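# Examination of the molecular architecture
Read off the chains here:
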Amino acid sequence: MAEGKSAGGVQSVERVFDLLNIITASGGESSLSELASRADLPLPTIHRLLRTLIPLGYVRQLPNRSYALGPGLIRLGYAAGLQLGTYAQPVLQGLVNELGESANMAVLDGHMVVYVGQAQSSRSMRMFTEVGRRAHVHDTGVGKAILATLPEQQVVSIVASMGMPTPTEKSLGTVGELLDDLEKIRERGYAVDDEEQEIGVRCFAMALPDAPTPTAISVSGPTSRVDWDFGDRAVPLLREAAERLCGQLAQPG
């Protein structure tokens, strides 16, 4: 039975999402006392909601008695990410129409990025990234664009967890190099994968400001075509596309 409604919504559902958001904001793990303090709810109510979420797999209790996000959310997040990519398809196609190179969208999924949308170039020699592919954050344009929006402590935690493989001689191999590059990305507002994942391929990428989940879009292609003059044309269009997508996502419904 519903517990009542708040501003047209079911109060118990709102409370569940409040708890999940608190756990997320705490890095994926919160103690019961933290939840009680930040949710401003009675302990019995929090206990009851958590007891409902745990069997469903959306929350799990750790050995230290704290509560963490559960694996059930991964399936929901993956499906939501793919929907986001589908939703962004017209904007990605617009970038292809303007620039002639492939455009991608990726979201942060745990400690890696997952590609959720793509519009392909019609050129015979083009870049192809399979939707659903996961990649490291430190050697991809979309990954670095997303990292530049995160606190330094979180960046260090991510790369410490996943490591920093160097698929090419241009790949960043140390945390110091990565942090220096992220500072440059913040200053100029976009990221560049300059043959760091694959020799002969360059990518310009930009994060979506205020997106509901860390998200970035990019255009990429062979270095023979995607040069720095190309970047001068691509960056304003990426910025316009990012702002358009954020505006659409901010609309109710």
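The text that follows walks through the structure, step by step, so that each part is easy to find.

Scoring rules and cut-offs
- Residues numbered from 1 in each chain as written.
- Predicted model: local features only at pLDDT ≥ 70, side-chain atom pairs only at ≥ 80, totals over all residues.
- Heavy atoms only, no water.
- Buried < 20%, exposed > 50% of the residue type's maximum accessible area, 1.4 Å probe, protein only.
- Helix = DSSP H or I, 4+ residues; strand = E, 2+ residues; numbered from the N terminus.
- Pairing = 2+ DSSP bridges.
- Contact = heavy atoms within 4.5 Å.
- Polar contact = N/O pair within 3.5 Å; in protein donor to acceptor, adjacent residues only side chain to side chain.
- Axes fitted to C-alpha atoms, helices over the stretch in contact; angles between N-to-C directions.
- Salt bridge = Lys/Arg side-chain N within 4 Å of Asp/Glu carboxyl O.
- Expected span 1.5 Å × (residues − 1).
- Arc of directions from axis to C-beta.

## Quick look at the pairing of strand S10 (residues 201-207)
Counting buried residues in S10 gives seven out of seven residues, a clear majority hidden from the surface. Along S10, one buried face is formed by Val-201, Cys-203, Ala-205 and Ala-207 and the opposite face, lined by Arg-202, Phe-204 and Met-206, is buried too. Note that strand S9 (residues 191-194) and S10 share four bridges and pair antiparallel. Paired with Ala-191 across the bridge in S10 is Ala-205. With antiparallel pairing between neighbouring strands as the criterion, S9 and S10 make up a hairpin whose turn holds six residues, including Glu-195 at a positive phi of roughly 60 degrees.

## Comments concerning the environment of Ser-171
Positionally, Ser-171 belongs in the loop between helix H7 (152-162) and helix H8 (175-188). A relative accessible area of 10% places Ser-171 in the buried class. For the pair Ser-171 and Thr-140, spaced 31 residues apart in sequence, the C-alpha to C-alpha distance is 9.3 Å. Beyond its immediate chain neighbours, meaning those up to four positions away, Ser-171 contacts Thr-166 and Glu-196. At 3.1 Å, the side chain of Ser-171 and the backbone nitrogen of Thr-168 are in polar contact.

## Details of the sheet that holds strand S3 (residues 29-30)
With respect to topology, three strands assemble into an open sheet ordered S3-S5-S4, the strand pairing being antiparallel. Bordering the open sheet on either side are S3 and strand S4 (59-61), each of which pairs with just one other strand. Along the sheet, helix H3 (residues 43-56) makes contact with S4 and strand S5 (67-69), crossing S4 at roughly 105 degrees.

## Comments concerning the pattern of salt bridges
Counted by the stated rule, this structure contains seven salt bridges. Taking the shortest distance from any N to any O, the salt bridge between Arg-225 and Glu-101 comes out at 2.6 Å. Here Glu-101 lies in the loop between helix H5 (89-99) and strand S6 (102-109) and Arg-225 lies in the loop between strand S11 (215-222) and helix H9 (228-249), a separation of 124 residues in the sequence. Glu-101 sits in the buried class, given a relative accessible area of 2%. In this structure, Asp-181 engages Lys-144 in a salt bridge whose closest nitrogen and oxygen atoms are separated by 2.7 Å. Here Asp-181 is found in helix H8, whereas its partner Lys-144 is found in helix H6 (residues 141-147), with 37 residues between them in sequence. Neither residue differs from the other here; Asp-181 and Lys-144 are each classed as buried. Each member of the salt-bridge network shares a partner with another, and the members are Lys-144, Asp-181 and Glu-196.

## Describing H3
The end-to-end C-alpha distance of H3 is 20 Å, a good match for the 20 Å that 14 residues give at a rise of 1.5 Å each. Those residues of H3 not exposed but buried are Thr-45, Ile-46, Leu-49, Leu-50 and Leu-53. Take H3 and look down its axis: the buried residues cluster within an arc of 125 degrees, on one side only. Away from its buried face by more than 90 degrees, H3 exposes Pro-44, Arg-51 and Pro-55. Buried-residue contacts for H3 involve helix H1 (11-25), helix H2 (32-39), S4 and S5. Gly-57 occupies a position one or two residues after H3 and carries a positive phi of about 85 degrees.

Purely geometric stuff here, so don't read any function into it on its own.
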